[in-house]
Amino acid sequence: MNRLICLLTLTLLFSSLRTFGQKSLPYRADGTFVVLQFNDIHLDGNHKAGTDSSFKTMKTVVESVRPDLVVLNGDIVTEKAGADKVFGEIVRRMNSQKVPFVLTMGNHDPEVMSKSAIYDILETSPYYVGSRGPEDLAPSMGNCFITLTDKDGKTEGVLYFLDSNDYHPNKFVQHYDWIHFDQIAWYRDVSEGITRANGGQALPALMFFHIPIPEFEWIDGDDRTFGHKAEEHGEILGINSGLFASLIDMGDVMGVFTGHNHDNDEIGINRGIALGYGRVTGHDAYGDLERGGRVIKLYEGARKFDSWIVTPKGSEGIYYFPSGLNSIEEKEATYLPALKSETGGRGVAYNYYEGNFKMTSDITEHARVHSGTLPYFSIKEFARRDHFAYKYRTLIDIPERGIYRFYTYSDDGSVLSIDGQTVVGNDGGHSALRAEGKVALEKGLHLLEVSYFEDYMGEELEIGFSSKTLTERPLPREILFLPAGKE
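Residues numbered from 1 in each chain as written. Predicted model: local features only at pLDDT ≥ 70, side-chain atom pairs only at ≥ 80, totals over all residues. Heavy atoms only, no water.

**Q** Mind showing me how you'd approach the sheet that holds strand β26 (residues 473-474) here?
**A** With antiparallel pairing, the four strands of this open sheet are ordered in space as β23-β20-β25-β26. The two strands at the open ends of the sheet, each matched to only one other strand, are β23 (433-441) and β26. Pairing analysis gives two bridges linking strand β25 (residues 460-466) to β26, with the strands arranged antiparallel. Residue pairing in the sheet places G464 in a bridge with P474 of β26. (Pairing = 2+ DSSP bridges. Helix = DSSP H or I, 4+ residues; strand = E, 2+ residues; numbered from the N terminus.)

Put into structure tokens, the structure is as follows:
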């Protein structure tokens, strides 16, 4: 009965939203769904060699990946002569491979044909699962979404597709256009409706459009960023219309995938949302990267995905969201061996100090006031509010071999080490601040030490971790053990 009510609610929801032919696709029997993204194909009816090579690359990659959906993510055809025939050839090839597909507009596509004429051709295919979108969002077109369903038809995920538009009429403002306010409002309406129908719980979602948004700049140099970045983001990022703020506000989109910059295929995480470029596909497009596509593998009902680049030569390293880890560093890392150590039961050993501290290195310059054991990390054991410090020691039982990301959130300073190696440096006097670091660990026991001090005004300490298979969380009490023979 509850499932029937849910399905009826979704039916009413989709009939009331501006969905315009909204489609649903099922997860596989194993609970996965595979998206293959092609970007910047730059097909040219006048240059047969380059176009044939691009189609061959796409065919080879599709046959290798066997995706559940292909996303042609903008700048598909770049020459007017014979453009209608080239779009028709896309349809013919997708039909022959029997692959559901969606096309988003790039800045070049409307230069060769009207958007409406392009969708007229696409909609002749029984495998085209996108739509031209609500008419009141014109001149943008193709704004649509696809729901992903489990074996019982229940919606467990969403894919959004937006038109990032092409050129701004006022060149003194910016060369390229941006995603407009009415498009953002449409996304918010759809997202809110789906979340409401799901009992107030946002469903995991991805979003695709062609031209990156300004927040792509923020992933550069982060240790959660993986892939190639040989091209500056440049003028495409000049105007921020607020899409990213809405993604954070709605809480559903876990990854945004774009193209446009052919020499980039990096992916990183900004404010908990993955921002990734696809791989350039077209042989007539500029750029030095091997032609191919990006794969995104989703997991039913889970806020996680794996992503990698595929070319006719094979697959490249896998990126894991939400951990921001990747298979290349897994392979190349030096793993700290597990300790052959006895434990003294669960808990954390501590030494407590009082005094004026500016850095964690100051702690041992003061006399120890107290020592003992605690069931967990705590800074609430003594009445003093300011000018105190702790040094903690515990054996952490790592559940499986892998790279682990540890964090401390502290006011004031904290430093975390594993087996004598500093992993998180969050030192110095400051308000509540998060810092993180990663370390490769073999399965088993490892010595975890945390130094913490409180100077004045506010006190806070949280310690947590994550891995490829573990979403971020405070360290569980059940994996912390007292070192045998130690207080």
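So, next bit.
**Q** Please clarify how the packing of helix α6 (residues 181-197) against helix α7 (residues 243-250) should be interpreted in this entry.
**A** Any two packed helices are characterised by how steeply their axes cross, that is the angle between the axes, and by the distance between the axes. Where α6 contacts α7, the two axes come as close as 10 Å, and the packing angle between them is 10 degrees. Our classification of the angle between α6 and α7 gives roughly parallel. Contacts between α6 and α7 involve I184, Y187, R188, S191 and E192 on the former and, on the latter, L243, S246, L247, D249 and M250. (Axes fitted to C-alpha atoms, helices over the stretch in contact; angles between N-to-C directions. Parallel < 35°, antiparallel > 145°, perpendicular 65-115°, else oblique. Contact = heavy atoms within 4.5 Å.)

**Q** Looking at this structure, I do not really get the sheet that holds strand β1 (residues 23-26). What am I missing?
**A** The strands that make up a sheet pair up through hydrogen bonds in the backbone, lying either parallel or antiparallel. Pairing is mixed across the open sheet formed by seven strands, whose spatial order is β1-β5-β6-β7-β8-β10-β9. Two strands bound the open sheet, and with one partner strand each, they are β1 and β9 (267-270). Averaged over all neighbouring strand pairs, the angle between strand axes comes to 20 degrees, with direction disregarded. Both β9 and strand β10 (residues 273-277) contribute to a ladder of four bridges, which runs antiparallel. Residue N270 lies in a different strand from β10, and its bridge partner there is I273. Contacting β5 (144-149), β6 (155-161), β7 (205-208) and β8 (253-258), α6 runs over the sheet at an angle of about 175 degrees to β6.

**Q** Could you clarify how one ought to interpret the nonpolar core in this entry?
**A** Most often, soluble globular proteins have nonpolar side chains that are buried together. Counting residues in hydrophobic clusters, the biggest one holds 60 residues, and the most contacted among them are L69, L72, F87, L159 and F305. At six residues, the largest contribution of residues to this core is made by helix α3 (residues 83-97). Other than its neighbours up to four places away in sequence, L72 contacts F38, I41, M58, I90, F101, V102, L103 and T104. Ranked by size, the runner-up nonpolar core spans 31 residues in total, among them Y352, V423, V450 and I479. (Core = buried A, V, L, I, M, F, W, Y, C linked by side-chain atoms within 4.5 Å. Buried < 20%, exposed > 50% of the residue type's maximum accessible area, 1.4 Å probe, protein only.)

**Q** Would you mind going over the confidence of the model for the chain with me for this structure?
**A** Fine structural detail should not be taken from predicted coordinates in areas where pLDDT scores are low. Of the residues in the chain, 94% reach a pLDDT of 70 or more, and the chain-wide mean stands at 92. With pLDDT under 50 throughout, residues 1-9 is counted as low confidence; its partners more than four residues away or in other chains account for six contacts. (pLDDT = per-residue confidence, 0-100.)

**Q** Please explain helix α5 (residues 115-122) as it appears in this structure.
**A** For an α-helix, 3.6 residues make a turn, and residues three or four places apart therefore share a direction. Looking only at α5, the buried set comprises K115, I118, Y119, I121 and L122. Buried residues of α5, viewed axially, fall in a sector of 155 degrees; they line one side. On its buried face, α5 is in contact with α3, β4 (101-104) and α4 (109-112). (Arc of directions from axis to C-beta.)

**Q** Sorry, what's going on with the packing of aromatic side chains here?
**A** Any pair of aromatic rings gets described here by the distance separating the centres and the angle formed by the planes. Following the criterion strictly, the structure yields 25 aromatic pairs and no others. Ring centres of F305 and F321 lie 4.9 Å apart, and the angle between their planes is 10 degrees; this geometry places the pair in the stacked category. Here F321 lies in strand β14 (residues 319-321) and F305 lies in strand β12 (residues 305-311), a separation of 16 residues in the sequence. In this structure, F305 and F321 share a single accessibility class: buried. Both rings, one in Y352 and one in F388, keep their centres 6.2 Å apart while their planes meet at 35 degrees; by these two values the pair is tilted. Pair noted here: Y352 is in strand β17 (residues 348-354) and F388 is in strand β19 (residues 388-398), with a separation of 36 residues, a long-range link. Assessed through its relative accessible area of 1%, F388 is described here as buried. Three or more aromatic residues joined by ring pairs form one cluster here, namely Y350, Y352, Y376, F377, F382, F388, Y390, Y392 and Y452. Looking at K304, its charged tip hangs above the ring of Y299, at a distance of 4.6 Å from the centre. The ring of Y407 is capped by R434, whose NZ or CZ atom sits 4.6 Å from the centre of that ring. (Phe/Tyr/Trp six-rings, centres within 6.5 Å; stacked < 30°, edge-to-face > 60°. Lys NZ or Arg CZ within 6 Å of the ring centre and 35° of its normal.)

**Q** Could you clarify how one ought to interpret the pattern of salt bridges in this entry?
**A** Between side chains of opposite charge, pairing is possible as soon as their charged atoms come close. Under the defined criterion, the tally for this structure stands at 27 salt bridges. Two residues, E436 and R224, come together in a salt bridge whose shortest N-O distance is 3.0 Å. Residue E436 is found in strand β23, and its partner R224 is found in the loop between β7 and α7; the two are separated by 212 residues along the sequence. Accessibility expressed as a relative area gives 11% for R224, which makes it buried. A salt bridge links R279 to E316, with the nearest nitrogen and oxygen atoms 2.9 Å apart. Here R279 is found in the loop between β10 and β11 (293-299), whereas its partner E316 is found in the loop between β13 (314-315) and β14, with 37 residues between them in sequence. (Salt bridge = Lys/Arg side-chain N within 4 Å of Asp/Glu carboxyl O.)

**Q** I would appreciate a short explanation of unusual backbone geometry in the present structure.
**A** A negative phi angle characterises most non-glycine residues, just as the trans form characterises most peptide bonds. With omega at 15 degrees, the peptide bond leading from A138 into P139 counts as cis. Backbone torsion omega between F321 and P322 reads 15 degrees, so that peptide bond is classified as cis. Here P322 lies in the loop between β14 and β15 (325-326). Phi is positive for H42, which is not a glycine, with a value near 50 degrees.

**Q** Can you help me understand the packing of α3 against α5 in this one?
**A** In contact at an axis separation of 9 Å, α3 and α5 are set at 35 degrees when each is read in the N-to-C sense. Seen along the crossing, α3 lies across α5 with a hand that is right-handed. Of α5, the residues touching α3 (which contributes D84, F87, G88 and V91) are I118, I121 and L122. Residues that form the contact of α3 with α5 fall into these classes: five nonpolar, one polar and one charged. (Left-handed = near helix turned anticlockwise from the far one by under 90°. Nonpolar A, V, L, I, M, F, W, Y, C, P; charged D, E, K, R; others polar.)

**Q** Explain the pairing of β11 to me, please; I cannot follow it from the model alone.
**A** Along a regular strand, successive side chains alternate from one face of the sheet to the other. Along β11, five of the seven residues are buried, which leaves the element largely enclosed by surrounding structure. Sheet analysis places strand β2 (residues 32-38) next to β11, joined by six bridges and oriented antiparallel. Counterpart to F33 in the pairing with β11 is L298. As paired strands, β11 and β12 are joined by six bridges and run antiparallel to one another. The residue bridging G293 from the neighbouring strand is V310, located in β12. Linking β11 back to β12 in an antiparallel pair, the connection comprises five residues, with G301 at a positive phi of about 70 degrees.

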